[in-house]
Each structure stands twice: as structure tokens, then as C-alpha cells.
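This is what each chain is made of:
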Amino acid sequence: MSAPGTAAVLPSMPIWKQYYVLTKPRVVQLIVFCALIGMVLAVPGLPDAAALQRMLIACVGIWLVAAAAAAFNCLVEKAIDARMRRTSWRPTARGELSAAQALGFSALLCALGSAVLYLWVNPLTMWLTFATFVGYAIIYTVILKPLTPQNIVIGGASGAMPPVLGWAAMAGTVEPQALILFLIIFLWTPPHFWALALYRVEDYRKSGLPMLPVTHGNEFTRLQVLLYTLILLAACLLPFIYRMSGWLYLVAALVLNAGFIGYAFQLWRRYSDALARKTFRFSLIHLSLLFAALLVDHYLPWTR
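Position labels on residues start from 1 in each chain and follow its written sequence. Only residues with pLDDT of at least 70 are given local features in this predicted model, and only at 80 or more are side-chain atom pairs given and counted; all residues enter the totals for whole chains, interfaces and linings. The side-chain quantities take in all heavy atoms of the structure and omit both hydrogens and water.

Peer 1: Hey, could you run me through the nonpolar core in this one?
Peer 2: Note on soluble globular proteins: their nonpolar side chains tend to be buried together. As used in this record, nonpolar core signifies buried Ala, Val, Leu, Ile, Met, Phe, Trp, Tyr and Cys residues forming a set joined through side-chain atoms within 4.5 Å. Exposure classes here rest on a 1.4 Å probe applied to the protein chains alone. A residue is buried below 20% of its type maximum, exposed above 50%, and partly exposed in between. Counting 74 residues, the largest nonpolar core has Met39, Ile184, Trp194, Tyr204, Tyr249, Leu290 and Phe291 as its most contacted members. Not counting residues up to four positions away in its chain, the partners in contact with Trp194 are Pro149, Ile152, Val153, Leu212, Thr221, Gln224, Val225 and Tyr228. Listed in part, the 18 residues of the second largest apolar core include Cys74, Leu97, Cys110 and Phe133. For this analysis, residues touch if any pair of their heavy atoms sits within 4.5 Å.

What follows is the structure in C-alpha cells.
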């Protein structure tokens with residue numbers, strides 16, 4: 001019997017679903033959500049109809065380009081994905097979609113998204129989004145990921161761009177508040193990803209990728225996860241310090257970061273795959289609720 005998540009579990013998929021899977025929907029949803037928070041925070045008070053329309057169009061454009069980057073990543077890493085249990089079911093890894101099909105799909109999404117952003121949002125957002133595509137699909141996936149165990153730290157800059165894109169879409173510029181949001185995601189990415197890599201270390205060892213648990217071991221990686229969560233706490237306080245958020249956000253940030261640090265500390269003291277999974281899952285909850293708190297706080301001026 002095949003293990004869950006292997007290719008044998010999904011003997012075939014409709015062609016539309018194969019293309020949909022290439023876009024890594026859950027990852028892209030989080031990207032668009034973070035971009036939307038950047039849009040909301042860039043608009044003082046409640047957005048009017050024109051601002052809401054721009055937000056919707058910007059979300060569509062950013063979704064298209066992010067999906068294009070995900071599809072390109074699946075194409076470049078199809079041989080690696082085929083050797084890893086958690087990714088061996090992807091259509092490119094299984095050979096259900098050819099390289100030409102995946103490349104054409106990625107190019108089409110990127111072109112459509114870029115056109116939407118350029119024509120109906122603003123050129124700055126289009127260029128920043130395209131630069132993010134290049135950063136993730138080329139610099140991170142092709143160059144950094146197979147080259148250095150610090151790939152996720154350096155490449156994390158691309159993953160941290162969504163709120164900057166959202167801010168630029170509404171404000172037409174990049175302001176310090178957007179860079180604070182960028183810093184939060186940038187520092188969140190390593191402990192989030194390394195928690196996953198800890199319990200998937202055999203997958204990464206088989207793939208040949210120089211992920212931190214493979215190159216430096218379990219104990220060193222656990223220490224790095226803990227240290228990054230401590231630095232992340234400081235970054236998460238910046239929106240309150242900079243007065244872009246109020247007391248509600250501050251309380252949420254302190255509680256969520258205490259939880260993340262708590263998981264990281266337990267992981268450092270006493271490792272188990274189950275705890276690493278819980279840490280990884282909590283990291284997703286942490287970022288989602290943190291940005292949701294920014295959203296709610298933005299519309300509650302009495303919290304300031």
C-alpha cells in the first residue's frame with residue numbers, strides 16, 4: 001500500500017486540475033492575503049468604491065503573477081519533486097504535464113498578471129511584482145536553493161514582498177510602513193520553513209538540496225529556529241512603535257509571538273517530528289492572525 005501523499009494515491013487528475021495544482025493554491029492564497037493587508041493599511045479610513053475596485057484588480061494581478069512563479073518553480077524542480085514524498089504527486093513530477101506545457105502556462109499567467117497590474121493599477125506595482133517573480137522563480141529556485149543552506153534566508157526577500165506590492169498598488173509608492181511589513185515576513189520565513197525541513201529532512205537529503213538540517217544537523221537548525229523567533233518578536237512590535245497600529249494589535253502580537261517562541265523553545269529542548277509539525281502549523285496561524293490583527297486594528301481607531 002502506498003503512503004499518503006505519494007503519486008499512487010492520485011492515479012490521474014483532470015487536465016484543469018493539473019494546471020491548478022501547479023499554482024500552489026494555498027501558498028498563493030496567503031500571498032494575496034498579505035498583499036491585501038498592505039492595500040488596506042495604505043488607505044486611511046474606510047476605502048471608497050474606487051479603492052475597493054483597485055484592491056480587487058490588484059489582488060487578481062498579484063494572484064496571477066504569484067501563480068506563475070509557483071508553476072515555474074514546479075517546472076524547475078520537477079526532478080527534485082519526484083524524489084520527495086510530499087511533492088511527488090505534482091503533475092510535473094509525475095510527467096503528466098510536459099515542460100513546454102508548464103512553461104507556457106507560467107508565461108501566460110505572468111503576462112496576464114503583469115498586464116492587469118500595469119494597465120489598471122500602476123506601473124510601480126507591476127515592476128515590483130515582476131521583480132518578485134524573478135526573485136522567487138529564478139534567483140531563489142534556480143540559483144540559491146541548490147547552492148546554499150541560507151537559501152531560505154536570502155530568498156525569503158521575495159516571499160516577504162506581498163504587503164509591499166499591496167501598499168504600492170494603493171499608494172503608488174513604497175513607504176516605511178510597507179517595509180516594516182516586509183521585515184516581519186522576512187524574519188518569519190526561516191523559522192517557518194526550517195520547522196518543516198526538520199521533519200522532512202530525509203526528503204531533502206534524498207533531493208540533494210542543501211537545506212539547513214541536512215548540512216548543519218538537527219540541533220543547530222532548532223537553535224536557529226528559536227533565535228529567529230526571538231528576533232521576529234522585535235520586528236512584530238514595530239507596527240505599534242511606529243504608530244501604524246494600536247493596542248489591539250500589540251496584544252495580539254505579544255500573544256502570537258509568545259506562542260511561536262514557546263513552540264520553538266520546546267523544539268530546541270526536546271525534538272520530535274510531531275512537535276516540528278505543530279511548530280510549522282502554528283507558524284501559519286501566527287502570520288495569518290498577526291496580519292488579521294493589523295486589519296482589525298486599522299478600523300478601530302479607539303485602540304490607539
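Peer 1: How should the packing of aromatic side chains be read in this particular structure?
Peer 2: Two aromatic rings, taken as a pair, are described by how far apart their centres are and by the angle between their planes. Between rings of Phe, Tyr and Trp, where Trp is taken as its six-membered ring, a pair exists when centres lie within 6.5 Å; planes separated by under 30 degrees are stacked, by over 60 edge-to-face, and by other angles tilted. Using the criterion set out here, one finds 13 aromatic pairs in the structure. Centroid distance Tyr199 to Phe280: 6.4 Å. Interplanar angle 70 degrees. Geometry classified as edge-to-face. Placement of Tyr199 in helix α10 (residues 176–199) and of Phe280 in helix α16 (residues 273–298) is noted, with a sequence separation of 81 residues between them. Overall, the relative accessible area of 14% leaves Tyr199 in the buried class. An aromatic cluster is present here, built from Phe72, Trp127, Phe130 and Phe133 joined pairwise through their rings. Elements are defined by DSSP. Helices are runs of H or I of four residues or more, strands are runs of E of two residues or more, and each kind is numbered from the N terminus.

Peer 1: Please clarify how helix α9 (residues 162–171) should be interpreted in this entry.
Peer 2: Burial of α9 is extensive: nine of the 10 residues sit out of reach of the surface. For α9, the set of buried residues is Pro162, Pro163, Val164, Leu165, Gly166, Trp167, Ala168, Ala169 and Met170. Looking at the buried positions of α9, the neighbouring elements they touch are α2 (25–42), α3 (49–76), α7 (123–144), α8 (151–159), α10 and α16. Gly172 sits one or two residues past α9 and shows a positive phi near 75 degrees.

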